[in-house]
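Take a look at the letters that make up each chain.
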Amino acid sequence: MLAVASCGGEHSSSTAASDAAAVVKETLAAARPKQRVRIRVRLDRSELPTAPDLQLRNTLEEQLDAQRLGAIVNRGEGVGWFDVELDVDSSADAVPRVRAILQSMQLLEKSSVEIRQAD
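Residues numbered from 1 in each chain as written. Predicted model: local features only at pLDDT ≥ 70, side-chain atom pairs only at ≥ 80, totals over all residues. Heavy atoms only, no water.

Caption draft 1: The arrangement of the overall build of the chain in detail. Of the regular secondary structure elements, the chain holds 3 helices and 4 strands. Its helices and strands taken in sequence order, the chain reads α-β-α-β-β-α-β from the N to the C terminus. For the chain, buried positions account for 31% of its 119 residues. For the chain, the proportion of contacts with a sequence separation of at least 24, taken over those separated by at least 6, is 67%. (Helix = DSSP H or I, 4+ residues; strand = E, 2+ residues; numbered from the N terminus. Buried < 20%, exposed > 50% of the residue type's maximum accessible area, 1.4 Å probe, protein only. Contact = heavy atoms within 4.5 Å.)

This is the structure:
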């Protein structure tokens, strides 16, 4: 149960209601299960990623952080690819923004975006 008390007129009650609404929204968001978005970028060759490839992944991570899309929870690499995984509140909101970042970095054509339930 959430109780909000206010004294001091109309302005105070609207501020308290606004604060209460923000608390409820935060609480619901925290309780809702997160979705995981995996972004995999394919390399042009069948080799492990080089230092410039990994720097490109770092730049991608910086762009994801700057857009506040979610928490980066994993990163990986293998022969011919590297990836980044992040937990998001809404994949419906996050995926178009991820695709826009990939497009701006000229990575969209060689990337895949996968959605799954976070652990």
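Caption draft 2: Region of the structure containing the sheet that holds strand β4 (residues 111-117). Within the open sheet, the 4 strands sit side by side as β2-β3-β1-β4. Their pairing is antiparallel. Each end of this open sheet is capped by a strand with a single partner; those strands are β2 (71-78) and β4. The average undirected angle you get between the axes of adjacent strands in this sheet is 20 degrees. Across 8 bridges, the pairing between strand β1 (residues 35-42) and strand β3 (residues 81-88) is antiparallel. By the bridge assignment, R40 is partnered in β3 with D83. Packed on one face of the sheet, helix α2 (residues 51-66) meets β1, β2 and β3 and runs near 15 degrees to β3. In the packing of helix α3 (residues 91-104) onto the sheet, the strands contacted are β1, β3 and β4, and the crossing angle to β4 comes to about 160 degrees. (Pairing = 2+ DSSP bridges. Axes fitted to C-alpha atoms, helices over the stretch in contact; angles between N-to-C directions.)

Caption draft 3: Layout of the environment of I39. Its location among the elements puts I39 in strand β1. A relative accessible area of 0% places I39 in the buried class. For the pair I39 and D83, spaced 44 residues apart in sequence, the C-alpha separation works out to 5.4 Å. Setting aside its immediate chain neighbours within four residues, I39 contacts L60, L64, F82, D83, V84, L86, V98, L102 and S112.

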